[in-house]
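# Close look at the chain arrangement
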Amino acid sequence: MTTTTQQSALHDPKSAGGRAGDKIFSGIALTAGIVILAILAFVALYLVVESLPALTAGEGELTNGKTSFWSYVGPMMVGTLIASGVALLLATPVAVGVALFISHYSPKHLSQPIGYVIDLLAAIPSVVYGAWGMTFLGPLLVPAYRWLSENAGWIPIFAGGYSQTGRTLFTASVVLAVMVLPIITSMCREIFVQTPKLHEEAALALGATRWEMVKMAVFPFARAGIVSAVMLGLGRALGETMAVALVLSPGVLSANLISAGNQTIPAEIALNFPEAFGMRQNELIAAGLVLFVITLVVNMIARWIVSRHKEFSGAN
Amino acid sequence: MSKRIDAIDLNVYYGKFRAVADVDITIEPKSVTAFIGPSGCGKTTFLRTLNRMHEVLPGAHVEGKLLLDGDDIYAPGVDPVAVRSNVGMVFQRPNPFPTMTIRENVLAGLKLNGQRISKGDADAVVEKSLRGANLWQEVKDRLEKPGSGLSGGQQQRLCIARTIAVEPEVILMDEPCSALDPISTLAVEDLISELKEQYTVVIVTHNMQQAARVSDKTAFFNIAGTGKPGKLIEYAETSQIFNNPQEKSTEDYVSGRFG
Amino acid sequence: MTTNVKTDLENKGRSRLTVGQKPRWTWAACLAGSAVVAAAVLALIGFNVAGWAVLTAVLYVASMYVSTVVLENRRKATNGLWTNLVFGAFVIALLPLVSVLWTVLSIGLPGLLAPGFLASDMLGITGAVDQQSVNEGTSVLGGVAHALVGSLLITIGATVISVPIGLLTSIYLVEYSRGGFFSKAITFFVDVMTGIPSIVAGLFAAGLMMTLVGPGTNVMGFSAVLALSVLMIPVVVRSTEEMLRVVPNELREASYALGVRKWRTILRVVIPTSISGIASGVTLAIARVIGETAPILVTAGVAIQTNWNLFQDWMMSLPVYIYRQMMFPTAPSAPDASEQRAWAAALVLIIIVMLLNLLARFIAKAFAPKKSGR
């Protein structure tokens, strides 16, 4: 066992170059990961730094005579939350129903094509939905708004007249609902089909009807998954820009669903940023930071729910 | 073309867990050595240390010496890749590369390492390796078809051909027949007997008849209990292990009393 | 006895197991009744087809429930009620899809078929031109050539940046990291990145470029490329990571056992095995970002003429084109011309997205490793 034989057998001169290749390649892969972290750090840093002038501005420093940043962004936050909340109220029952239809009610050979059709909903760009909501859905809903205004005007959210063009917060919510529906549906569907066959068959063998089986076996299994799907849908609805920018004719916050007015953060940014400069730009970026934080919190809650129920639900 | 393996006081760890303890064994060149023993006794782990394949798992490391014709393959500065091109391995389940044709599979070891090779040389290597794996007659007309289209036994012999194409000194086989039907098993066993003309062959098997049929020497591994390390209990001529074992546990195992 | 049972069954036409079920024609009766009642109710307050369909559906579901309670029992009625509601949910989900597609096709198709729509930009198309074409009933002039070029360049740019970063990151996550802190951090922040609202990505890119090249000149195609990359990278990482993880470890080990280096194993065994899934994931990511409007609007601005240079001047893209034509018609007094162009552009965009989706499915199927070759 001399050093020379060792050299010849296991220290292949060619392999030295190959080893460097391994190092280089893993270094490149690592760099890519670092780039992602850097990008995100940049995004956060940029948003914070550019927001500071608006966040710390005193009275008179903001544009258009706003007294403080929060009195500017607050109403839009509420508007964003109302629009997304209503959208989820509309979308969730339908989305869960559709998911259930695909997973447990439709004929087996149809469930895949039906899934494609729902995916099609997700494939339509948001600007097209916005255009549809503006030109088609809004006018279609005007008679309903008129009726609500005449007969349910005593409810605050319907009080004070209605929009003749249908470009209202409620129309925007319906468009948002259509856009988040496929997201919630596809996640729920994935969880529903993972329901243990054993539980389902046990329920059926006890003489349960199909609905009772769904109630006994599918929903308890999927509860956490449904909640997190709804939260992810909410995250998407909060950040959705163009649909609202096109549909809503913006104004001050009135919390009225059927007349013009209200505004959401993303639409405000999209409508005003191209012409903004100076402090106005800082204000919009600060609004963007607020939006980012809200969606971040919502998405984190969704993931937290999933991870907490991972062992039980198989929804990972 | 064939090398001797000496393990001296070899311990294998996964993190803090000692999987195999204090193995001393000498494997002769141009012979077939079988490792037998109950599940979890460390025989596969030990086999994988022979070409440093266990290092693929996180936290795995080795203490002791493992000499390949006197060269310690765990000496500092030794490249595991160089070890593996000297010590080839055939796995439990046939695993031809699904994106490659039969021909490309055979040449994989050369091509994947970026070696340039003329078409004539490549053809020669393909034919020699496939003949060496007793597969040439069956596939010579469809070398450009995907390797995954072959039967299980043919795929396993293709994997052997792929291994001998890189001209190793030693071939390790990890239960090479456990996923195969009896006829394919026979074909692979015949092949193993021929391979020992040129290579040092080490085979892990659960099938004691197989060990008795193909091997010259047999090593019996066992564990004292769950969480304890596997140990080499007895190592001798195959006929002695099966007919006249020295250890009680070996006798119990080969006579089918446990395992 | 047997013969008796048999004749019994033949006589009644139903077995003892089906005794107590409501007659088969109940649903038809309920439907017909609901339709009539709904028509009658609406006749009092003003008839319209949509209202009639909705009211009929509601009455049908309710009457089916009541008749099942009466004829059978409450449990079966509840089951039937939920079956109808689930089916109803599906129909409701289809309505907007059909409506959107119908709107896009009915208004957009004539615009798309107008001569030169795909080949011309909006240079020289002023309000007067639109006014004239609407007044005289001639075909609408102007087109989407500049927006097509812009969308194409911006999307290609974003792909060129995102795919290498995304692919390499997922390679790091799957092949190199051993579940350490750093890989957990990357996974976490990729999750965070998936949740970035698209407008925020646009803000970031616009601002970053403003800091780098100064205000004014920062509005260019490349800023939009950056914005879309921020949105695209996490999608690519996620889908690629999933695809790399399903490559069986056996193949990696087989390659190592042949004395092949890790990086060569990854490049020549792991990636070729999963290339179809990776490619289809990338295609889907492209389909997603090509429809993004807001980030492009705030980064690349708007333009009326074709601009082939990503690094200079404002650049139009299809989604922004749709938005501008909808919100700010070229001829405010004759918005029909702009609307037609907007819907035609929407049709083009939807066709592109659909084709990309189909392409992704095709790639996933066609280039998957062959299972049999006999």
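All figures in this text were calculated on a predicted structure; none of them were measured in a lab.

Residue and element names in this part refer to chain C. At their nearest, the axes of helix α7 (residues 181-194) and helix α9 (residues 221-245) sit 8 Å apart, and the two run at 130° to each other. As far as their axial angle goes, α9 and α7 are oblique. As α7 packs across α9, the resulting crossing turns out to be left-handed. Of α9, the residues touching α7 (which contributes Val190, Met193 and Thr194) are Ile233, Pro234, Val237 and Arg238. Of the residues belonging to the contact of α7 with α9, the class tally is five nonpolar, one polar and one charged.

Mapped onto this structure's residue numbering, the UniProt feature "domain: ABC transmembrane type-1" (unreviewed entry) falls at residues 148-360 of chain C. Summarising residues 148-360 of chain C: 77% helix, 0% strand, and an end-to-end C-alpha distance of 21 Å.

Residue and element names in this part refer to chain B. One open sheet accounts for ten strands, arranged β5-β4-β1-β2-β10-β9-β3-β8-β7-β6; its pairing is mixed. Of all strands in the sheet, those with a lone pairing partner are β5 (71-72) and β6 (87-90), marking the two edges. Summarising the sheet, β6 and strand β7 (residues 170-174) pair through four bridges and their orientation is parallel. By the bridge assignment, Gly88 is partnered in β7 with Ile171. Contacting β6 and β7, helix α6 (residues 152-165) runs over the sheet at an angle of about 170° to β6.

Turning to the pairing of β7 of chain B, a few remarks are in order. Residue and element names in this part refer to chain B. The element β7 is largely enclosed, with a buried count of five among its five residues. Of the two faces of β7, the one carrying Val170, Leu172 and Asp174 and the one carrying Ile171 and Met173 are both buried. Two elements, β7 and strand β8 (residues 200-204), share five bridges in a ladder whose sense is parallel. Note on β8: the bridge partner recorded for Leu172 is Val202. With respect to chirality, the unit in which β7 leads through helix α7 (residues 182-195) into the neighbouring parallel β8 is right-handed.

Here we come to the environment of Gly88 of chain C. Residue and element names in this part refer to chain C. Here Gly88 is to be found in helix α4 (residues 74-113). The class of Gly88 is partly exposed, set by 17 C-beta atoms lying within 10 Å. In this structure the C-alpha to C-alpha distance between Gly88 and Val58, which are 30 residues apart in sequence, comes to 9.7 Å. What Gly88 contacts, discounting residues up to four positions off in sequence, is Ala57 and Val61.

Our focus in this paragraph is the interface of chain C and chain A. Each partner contributes to the interface: chain C provides 66 residues, whereas chain A provides 65 residues. Ranked by residue count, the leading element in the side of chain C that touches chain A is α4 of chain C, at 19 residues. The residue makeup of the side of chain C that touches chain A, split by class, is 48 nonpolar, 13 polar and five charged.

On to the UniProt feature "transmembrane region" (unreviewed entry) in chain C. Residue and element names in this part refer to chain C. UniProt tags residues 25-45, 51-71, 83-105, 148-174, 186-213, 219-237, 269-290 and 342-364 as "transmembrane region" (unreviewed entry). With 95% helix and 0% strand, the stretch residues 25-45 has end C-alpha atoms that lie 31 Å from each other. End C-alpha to end C-alpha, residues 219-237 measures 28 Å, and it is 89% helix and 0% strand.

Before going further, it helps to spend a moment on the packing of helix α13 (residues 318-327) of chain C against helix α14 (residues 335-366) of chain C. Residue and element names in this part refer to chain C. One can describe the packing of α13 onto α14 by two numbers: an axis separation of 8 Å at closest approach and a directional angle of 155°. In terms of orientation, α13 lies roughly antiparallel with respect to α14. Both α13 and α14 take part in a crossing whose hand is left-handed. Facing α13, whose interface residues are Leu318, Pro319, Tyr321, Ile322, Gln325 and Met326, α14 presents Ser338, Arg341, Ala342, Ala345, Ala346, Val348 and Leu349. Here the residues of the contact of α13 with α14 sort into ten nonpolar, two polar and one charged.

Moving on, we come to the domain arrangement of chain C. Residues and elements named next belong to chain C. Each assigned domain of chain C is listed with its residue range as follows: domain 1 (17-113) and domain 2 (145-366). The straight-line distance from the C-alpha centre of domain 1 to that of domain 2 is 42 Å. A breakdown of the residues in the side of domain 1 that touches domain 2 according to their chemical character gives six nonpolar, two polar and no charged.

Regular strands place their side chains on alternate faces of the sheet. All names here are of chain B. Two strands pair when backbone bridges link them, and strand β1 (residues 5-14) and strand β4 (residues 60-68) are joined in this way by eight bridges, in the antiparallel orientation. Bridged to Ala7 within β4 is Leu66. Here β4 folds back onto β5 in antiparallel fashion, the turn holding two residues, of which Asp69 has a positive phi close to 50°.

Turning our eyes to something else, we now look at the nonpolar core. Judged by nonpolar contacts, the single largest core of 282 residues is most densely connected at Val128, Cys188 and Ala270 of chain A together with Val230, Ile322, Ala345 and Ala346 of chain C. Cys188 of chain A has contacts with Ala95, Val96, Ala99, Ala222, Gly225, Ile226 and Ala229 of chain A, leaving out every residue within four places of it along the chain.

It is worth spelling out unusual backbone geometry at this point. All names here are of chain B. Notably, Asp9 is not glycine yet its phi reads approximately 50°, a positive angle. If you trace the backbone, Asp9 turns up in strand β1. With 11 C-beta atoms counted inside 10 Å, the residue Asp9 sits in the exposed group. Here the phi dihedral of Arg52 falls at roughly 60°; this positive angle occurs in a residue that is not glycine. Overall, Arg52 belongs to the buried group, with 22 C-beta atoms counted inside 10 Å.

Definitions and cut-offs
- Residues numbered from 1 in each chain as written.
- Chains lettered and ligands numbered in written order.
- Predicted model: local features only at pLDDT ≥ 70, side-chain atom pairs only at ≥ 80, totals over all residues.
- Axes fitted to C-alpha atoms, helices over the stretch in contact; angles between N-to-C directions.
- Helix = DSSP H or I, 4+ residues; strand = E, 2+ residues; numbered from the N terminus.
- Parallel < 35°, antiparallel > 145°, perpendicular 65-115°, else oblique.
- Left-handed = near helix turned anticlockwise from the far one by under 90°.
- Contact = placed C-beta atoms within 7 Å.
- Nonpolar A, V, L, I, M, F, W, Y, C, P; charged D, E, K, R; others polar.
- UniProt positions renumbered as here; feature names shortened; annotations may be inferred.
- Pairing = 2+ DSSP bridges.
- Buried ≥ 20, exposed ≤ 12 C-beta atoms within 10 Å, placed from the backbone.
- Right-handed = clockwise from strand over helix to strand, strands pointing away.
- Domains from an automatic or database assignment.
- Core = buried A, V, L, I, M, F, W, Y, C linked by C-beta atoms within 7 Å.

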